[in-house]
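Coordinate inspection notes
These are the residues of each chain, in order.
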Amino acid sequence: MAAAAARRPLHLRAHAKVNLGLEVLGTRADGYHELRTLFQTISIHDDIVLRAQGSEITIRCDHPAVPTDETNLAVRAARDLRRFAGVAHGVAITLTKRIPVAGGLGGGSSNAAAVLMGLDRLWRLGLGPAGLHPLARRLGADVPYFLLGGTALGLGRGDEVYPLWRQLRAEVVVVDPERPLSTAAVFRRLDASLTARDGTNRIFRFISSDLAGHGTAFPILSNDLERPALEEAPDLAARVDLIRGILIREGALMASLSGSGASYFGLFDDPSRARKAQLRLVARGLKAWRGRTLSLDQYRRLWAPPARGRARGVGQGRSGQHGDHRRQGHPGR
Ligand code: C5P
């Protein structure tokens, strides 16, 4: 019975994130940058299926830009976990990509975290998010955040993650300018720039203003990587102006580049405004779709063990209860 359960394929969702704000505080001895960022998971997601197999770890993906060898972060996650746990199991990973690749939405990191959490269950290791954290941070700076999800503060390289007391609930419109950007290249541009960073504690000011009940202070937030990203991809400037203009005109609470880009997003408190913004963007030939923020609790529920006799949680992740973006006009690929 137990062996049969372990052989059943596991269906997972690997959600995207946006950075509501991102401050770069300086360079670190390890070559990374010291950050302060506000992460937010959104309903847009990739689909992952994990199937137990002999001793091989393999991956198949429908997206031509995603590597299917051991350089794939999801494969590295499976290998690292296998070594760490001292087991010899194999797994066949099937990845259906919806999150734009190299778009600043954390797709690769989210895939890796989902594989860690999924295999923790499939292989019955019982490590949980805390036990998986050291493995996650070795895979990439954003991976630990995806063990947690929701609205969270990221410090250090972005891998010290603290959930916020208030979890944002908003509509999100995401635009993919279809211009992949290398995170490392954007950080290098930032280092080469002569402009001093302002160090105004915008993210802490945002959090304290929110906690004090002064309403949301979205205009405080900004992304220090936006300027170097546009220097790295000057061809994007006109498109970004257009996208930002439409989002703001349609009433976005904030509009910003996510991470190192080039995906752009707007947050809305009104679904009809979000819908209008999405339609305007699509009418201008842009790839845009609508989703919702995903809170810490909603994210946790994705990973809750399936209740007996009820179809929910990991393994039955097809019910759409967490704002399945396909129902909301996601164009797919
Ligand atoms: O950790 P990850 O592989 O996702 O990071 C990609 C690249 O982004 C790093 O190689 C580094 O150049 C840059 N980065 C950084 N500081 C961070 C996060 C990422 O310099 N805190």
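Going by the structure above, here's the rest.
These notes cover the structure that comes with them. This structure is a prediction, so every number in the text was calculated from the model and none was measured.

A few words now on the overall build of the protein. Assigned secondary structure in the protein consists of 10 helices and 10 strands. The buried share of the protein, reckoned over its 333 residues, is 53%. Restricting the contact set of the protein to residue pairs at least 6 apart, pairs at least 24 apart contribute 74%. Of the roughly 14,600 Å² that the protein leaves accessible, carbon and sulfur atoms contribute 52%.

What follows is about the pattern of salt bridges. Counted by the stated rule, this structure contains 21 salt bridges. As a salt-bridge pair, R290 and E171 come within 3.6 Å of each other at their nearest N and O atoms. Here R290 is found in strand β10 (residues 287-294), whereas its partner E171 is found in strand β7 (residues 171-176), with 119 residues between them in sequence. Overall, R290 belongs to the buried group, its relative accessible area being 11%. For E171, a relative accessible area of 11% gives the class buried. Between R202 and D224 there is a salt bridge, with its nearest N and O atoms 3.0 Å apart. Taken together, the residues R202 in helix α6 (residues 202-211) and D224 in the loop between α6 and α7 (226-232) connect sequence positions 22 residues apart.

Right, let's talk about the packing of aromatic side chains for a bit. Counted under the stated rule, the structure contains three aromatic pairs. Ring geometry for F206 and F218: centres 5.4 Å apart, planes at 50°, overall tilted. Taken together, the residues F206 in helix α6 and F218 in the loop between α6 and α7 connect sequence positions 12 residues apart. Positioned over the ring face of Y32 is R157, at 4.4 Å from the centre of the ring.

What follows is about helix α8 (residues 237-249). Its 13 residues place the ends of α8 18 Å apart at the C-alpha level, agreeing with the 18 Å of an ideal helix rising 1.5 Å per residue. Turning to α8, its buried residues number three or more, namely V240, I243, I246 and L247. Projected down its long axis, α8 carries its buried residues within an arc of 135°, all on one side. Structural note: α8 exposes A238, D241 and R249 on the side pointing more than 90 degrees away from its buried face. Lining the buried residues of α8 we find β7, α7, β8 (254-257), β9 (264-268) and α9 (271-283). Of the residues flanking the end of α8, it is G251, one or two places downstream, whose phi is positive at about 100°.

Let us look at the site of the ligand. Near the ligand, the surroundings consist of Y32, H33, L35, G140, A141, R157, T183, A184 and F187. A distance of 2.8 Å is found between an oxygen atom of the ligand and a backbone nitrogen or oxygen belonging to A141. R157 is positioned with one of its backbone polar atoms (N or O) 2.9 Å from a nitrogen atom of the ligand. Coverage of the ligand by the protein amounts to 73% of the 450 Å² it exposes when considered alone.

Here the focus is the layout of surface pockets. Computed from the structure, the largest pocket encloses a volume of approximately 1,000 Å³. As for the largest pocket, its lining consists of 44 residues, and the residues nearest its centre are G106, S109, D142, T183 and S260. For the lining of the largest pocket, the secondary-structure elements that each account for two or more residues are β1 (10-27), β2 (33-53), α2 (73-85), α3 (107-122) and α5 (183-192). Tallied by class, residues from the lining of the largest pocket come to 21 nonpolar, 19 polar and four charged.

Here the focus is the nonpolar core. In terms of nonpolar packing, the biggest core is built from 43 residues, with I48, L50, V91, I93, V115, L116 and L119 touching the most fellow members. Among the elements of the structure, β1, β2, β3 (57-61), α2, β4 (90-96), α3, α4 (128-139) and α10 (296-302) are those that each provide at least two residues to this core. The contact partners of V115, leaving out residues within four places of it in the chain, are I48, L50, A74, A77, A78 and I93.

Our next topic: unusual backbone geometry. Omega for the bond connecting G261 with A262 falls within 30 degrees of zero, at 10°, which places this linkage in the cis form. Relative to the assigned elements, A262 resides in the loop between β8 and β9. For R124, which is not a glycine, the phi torsion comes out positive at approximately 55°. Relative to the helices and strands, R124 resides in the loop between α3 and α4. Taking the relative accessible area as the measure of exposure, R124 reaches 53% and is therefore exposed. The backbone of E178 sits at a positive phi, close to 55°, despite the residue not being glycine. For E178, a relative accessible area of 51% puts it in the exposed group.

Looking at the element boundaries, T37 is found in strand β2. Owing to a relative accessible area of 1%, T37 belongs among the buried residues under this scheme. Within polar-contact distance, the side chain of T37 engages the side chain of N19 at 2.9 Å. In contact with T37, not counting residues within four places along its chain, are N19, G21, L22, A152, L153, G154 and I203.

Calculation criteria
Residues numbered from 1 in each chain as written. Predicted model: local features only at pLDDT ≥ 70, side-chain atom pairs only at ≥ 80, totals over all residues. Heavy atoms only, no water. Helix = DSSP H or I, 4+ residues; strand = E, 2+ residues; numbered from the N terminus. Buried < 20%, exposed > 50% of the residue type's maximum accessible area, 1.4 Å probe, protein only. Contact = heavy atoms within 4.5 Å. Areas by Shrake-Rupley, 256 points an atom, 1.4 Å probe, with all protein chains shown as cover. Salt bridge = Lys/Arg side-chain N within 4 Å of Asp/Glu carboxyl O. Phe/Tyr/Trp six-rings, centres within 6.5 Å; stacked < 30°, edge-to-face > 60°. Lys NZ or Arg CZ within 6 Å of the ring centre and 35° of its normal. Expected span 1.5 Å × (residues − 1). Arc of directions from axis to C-beta. Near = heavy atom within 4 Å. Polar contact = N/O pair within 3.5 Å; in protein donor to acceptor, adjacent residues only side chain to side chain. 1 Å grid on protein atoms, 1.4 Å probe; cavity = no way out; pocket = protein on both sides within 12 Å on 5 of 7 lines; lining within 4 Å. Points joined across faces, edges and corners; volume = space filled by probe spheres on them. Nonpolar A, V, L, I, M, F, W, Y, C, P; charged D, E, K, R; others polar. Core = buried A, V, L, I, M, F, W, Y, C linked by side-chain atoms within 4.5 Å.

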